[in-house]
2 protein chains.
Amino acid sequence: MKSGDVSPGVDRRALLSGLILLPAASGTLLSTAAPAAAQPSAPLQSWNDGPAKQAIVDFVRAATDQASATFVPPEERIATFDQDGTLWVEHPMYTQVVYCLERVPAVVEQKPELGTREPFKTVLSGNREAMAKLSLRDLEEILAATLTGMPVEAFEAEAEKWIAAAKHPRWNRLYTELTYQPMQEVLQYLRDNGFKTYIVTGGGQDFVRVYSQQVYGIPPEQVVGTAGDTKYGYDKNGKPFLTKEPKLLLNDNNAGKPEGIHLEIGRRPRAAFGNSTGDRQMLEYTGAGDGARLMMLVLHDDAQREYAYGPAQGLPDTKVGTFTQALYDEAKKDGWTAISMKGNWKRIFAFG
Amino acid sequence: MKSGDVSPGVDRRALLSGLILLPAASGTLLSTAAPAAAQPSAPLQSWNDGPAKQAIVDFVRAATDQASATFVPPEERIATFDQDGTLWVEHPMYTQVVYCLERVPAVVEQKPELGTREPFKTVLSGNREAMAKLSLRDLEEILAATLTGMPVEAFEAEAEKWIAAAKHPRWNRLYTELTYQPMQEVLQYLRDNGFKTYIVTGGGQDFVRVYSQQVYGIPPEQVVGTAGDTKYGYDKNGKPFLTKEPKLLLNDNNAGKPEGIHLEIGRRPRAAFGNSTGDRQMLEYTGAGDGARLMMLVLHDDAQREYAYGPAQGLPDTKVGTFTQALYDEAKKDGWTAISMKGNWKRIFAFG
């Protein structure tokens, strides 16, 4: 993990290319909470029978059978899940990047001097084509301005308000409704079998923690993500508070995932789920331990019900959640199990 | 929190002044596990009736009474405990510093070139008076050499072996037996009432995680401590592993405690326990939230059964676990509750 300036560590085009598909602003009137995932009477009901479902069931049986040599003591039952593209939709743009862009007007209202200069001027213009051409450095400036410089509680209140109302342009539904129902069932099935479920995300740790309990049943302390520094201080009444600082402490992508797992969990996971090259090291690290192990990769191969992308499937490389041929080869070599959204999932979402 | 070189962030004299009291080497033959703390039938049996015990009982009642406005939902029941001087003995020297000094011969065996130069030469000499004069920079070099540069698993195996055998010079008992029985009862009482108990220590996170489950019933993922960076890599067979790097990521002392709590827990604690100026900000931060709160400070005022130190009690300032008059004044002003080892505890340890 590296310290330094805030850097998303991903391709600029990936972050901005979906701009054209977004609505002008997310709806802010219909602030309904996302429905809790219903717990099916039998596990994994949204899964078709086949090798992916079988791999999950076999792993749980191996880990929980006390008579077996592969039995995993309850305290060692740690399962880690990437979020974007693994637990919910990441196209056309990471939800958190949408948040940052939509926060710009409010930030400029508080700091009017920003509104007269780039890149804020372009974002305020609403010109999607101009915004898509912003540089990585521009984007970093937008992330720093919208994610740092405020008390932790102020950030949490803003993010909470936004996520309760923001909608995805394709489905016109709350982002929090766009979690994959089959993966919600995996989370529940593992928890029912004594596993602690963690999110290990390249997204902002503070951002995901705002809604992780409501959306996934995962408490904030079980979210590991990209994290900036904070600074302890006092307000004018002597009351202490933490300020979010524009300094990266953990870039929770690629090698940063096992490093973040060691930092915040301190145990090697028994099961890990991802969907892109950013998850490779987490799956490798999980697989390098002894005993019962499960490593799975979600393939986005369902353009009709969700999206189809990834060179490994001969599909376009959109740079968001890139699934390369090299990753696919490693998965085969190391015995990781692919999850075909098209073939393995009866349905994608809880709705419809 | 600051990045930079490994730095203990405490006074050199504090770390080395106890050298003269230590045995030449910890016993390594009698490797018996520390006994688990017995769970008493009634809570807090080792506590005398009085304001300290009453504060704990009142807090738990306020937090768990569903009919009360002070009720705390189970998921928000987070309690944080400093370790050294709060959960176990920190005199005459922090246990981890003893570990580092005793590791020097093994490190020199692997890297013979170190043995011919300072500060390693002095440590190898066994001359306690010369060792007590080592500079802070010398000490940092010793910490870096003994705590970093090896795979995470290699460090854990060494620390585990050491802690299973190392003994305190005064009681000739395992360090792991020198936990305060009344505090073990507080941990259990809070857990019995739905609290997640965390250690938040200025000591090394990786070190404390090795024994936290066995000694306190606290799993590794509930230990926040001073943490260095790790680096992901592969061995010659392509197997991935993490190496402990000599770069400080979180200095979990003073302001670093609330910062570390935000990083690794993401919730403000409801209860916090400390014993020194290094715990001040954690207690302030805990107390700054609404509703039921408990902030407590252990006073080391029992020279006969443990140790007596701290200017606030008119006792010597030993620089290890310093309890200053300023801290005592803040405690009174903010309604924190002092715990007198001499007056409030029927017994100090589970043995004898």
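All values derive from a computational prediction rather than experimental measurement.

Novice: Can you explain the relation of the copies chain B and chain A? Please cite residues and give values.
Specialist: Of the transformation placing chain B onto chain A, the axial shift is 0.0 Å and the rotation is 180 degrees, giving an RMSD of 0.0 Å. Seen this way, the second copy is the image of the first under a two-fold rotation axis. Among all residues of chain B, the one whose C-alpha sits closest to the rotation axis is E264 of chain B, at a distance of 2.8 Å. In this assembly, 100% of the residues forming the interface of chain B have copies in chain A that are likewise at the interface, indicating an isologous arrangement.

Novice: Explain the pattern of salt bridges to me, using residue names and the numbers behind them.
Specialist: All told, the structure shown has 36 salt bridges over all chains when counted by the stated rule. With a closest N to O distance of 2.6 Å, K244 of chain B and D206 of chain B form a salt bridge. Of this pair, K244 of chain B sits in strand β6 (residues 240–250) while D206 of chain B sits in helix α9 (residues 205–216), and the two are 38 residues apart along the sequence. When its relative accessible area of 13% is taken as the criterion, D206 of chain B is described as buried. A salt bridge links K257 of chain B to D279 of chain B, with the shortest nitrogen-to-oxygen separation between them at 2.8 Å. Pair noted here: K257 of chain B is in helix α10 (residues 256–264) and D279 of chain B is in the loop between β7 (271–274) and α11 (280–287), with a separation of 22 residues, a long-range link. Note on D279 of chain B: relative accessible area 1%, which makes it buried. Within this structure, D82, K257 and D279 of chain A form a network of salt bridges that share partners.

Novice: Explain the interface of chain B and chain A to me, using residue names and the numbers behind them.
Specialist: Tallying the contact residues gives 41 residues for chain B and 41 residues for chain A. Taking both partners together, chain B and chain A bury about 3500 Å²; carbon and sulfur atoms supply 50% of that area. Per-residue buried area on chain B facing chain A is highest for E221, Y232 and H262 of chain B; these three make up 19% of the total on that side. Viewed at the interface, chain A and chain B are joined by six salt bridges. In this structure, R268 of chain A engages E153 of chain B in a salt bridge whose closest nitrogen and oxygen atoms are separated by 2.8 Å. For the side of chain B that touches chain A, the secondary-structure elements that each account for two or more residues are α7 (152–163), β4 (196–204), α9, β5 (223–234), β6, α10 and α11 of chain B.

Novice: Describe the layout of surface pockets, and please don't skip the residues or the numbers.
Specialist: If you add up the space inside the largest pocket, you get close to 950 Å³. Taken together, 35 residues form the lining of the largest pocket, with E153, E156 and E160 of chain A together with G266 and R267 of chain B sitting closest to its centre. Looking at the lining of the largest pocket, the elements that each hand over two or more residues are α7 (152–163), α9 (205–216) and β6 (240–250) of chain A. Tallied by class, residues from the lining of the largest pocket come to 14 nonpolar, seven polar and 14 charged.

Novice: Talk me through helix α10 (residues 256–264) of chain A; I want residue IDs and the actual numbers.
Specialist: Residue and element names in this part refer to chain A. Burial analysis of α10 places nine of its nine residues in the buried class, the great majority of the element. Restricting attention to buried positions, one finds in α10 the residues G256, K257, P258, E259, G260, I261, H262, L263 and E264. Trailing α10 by a residue or two, G266 shows a phi angle of about 85 degrees, which is positive.

Novice: I'd like a description of the packing of aromatic side chains, backed by residues and values.
Specialist: The relation between two aromatic rings is expressed through the spacing of the ring centres and the mutual angle of the planes. Residues and elements named next belong to chain A. A complete count under the given rule lists 34 aromatic pairs over all chains for this structure. Considering the side-chain rings of W162 and F207, the 6.4 Å spacing of their centres and the 50 degrees angle between planes classify their relative orientation as tilted. Highlighted residues: W162 in helix α7 and F207 in helix α9, separated in sequence by 45 residues. For W162, a relative accessible area of 10% puts it in the buried group. Using a relative accessible area of 3% as the deciding quantity, one classes F207 as buried. Between F349 and F351, the aromatic rings sit 4.9 Å apart at their centres with planes inclined by 10 degrees, giving stacked as the arrangement. Of the two residues examined, F349 and F351, each falls in the buried class. These aromatic residues form a ring-pair network of at least three members: W88, Y99, F155, W162, Y175, F207, Y211 and Y216. A cation sits over an aromatic face here: K244 above F155, 4.6 Å from the ring centre. Positioned over the ring face of Y285 is R268, at 4.5 Å from the centre of the ring.

Thresholds applied
- Residues numbered from 1 in each chain as written.
- Chains lettered and ligands numbered in written order.
- Predicted model: local features only at pLDDT ≥ 70, side-chain atom pairs only at ≥ 80, totals over all residues.
- Heavy atoms only, no water.
- Least-squares fit on C-alpha atoms with pLDDT ≥ 70 in both.
- Contact = heavy atoms within 4.5 Å.
- Salt bridge = Lys/Arg side-chain N within 4 Å of Asp/Glu carboxyl O.
- Helix = DSSP H or I, 4+ residues; strand = E, 2+ residues; numbered from the N terminus.
- Buried < 20%, exposed > 50% of the residue type's maximum accessible area, 1.4 Å probe, protein only.
- Buried area = accessible area lost by both parts, 1.4 Å probe.
- 1 Å grid on protein atoms, 1.4 Å probe; cavity = no way out; pocket = protein on both sides within 12 Å on 5 of 7 lines; lining within 4 Å.
- Points joined across faces, edges and corners; volume = space filled by probe spheres on them.
- Nonpolar A, V, L, I, M, F, W, Y, C, P; charged D, E, K, R; others polar.
- Phe/Tyr/Trp six-rings, centres within 6.5 Å; stacked < 30°, edge-to-face > 60°.
- Lys NZ or Arg CZ within 6 Å of the ring centre and 35° of its normal.

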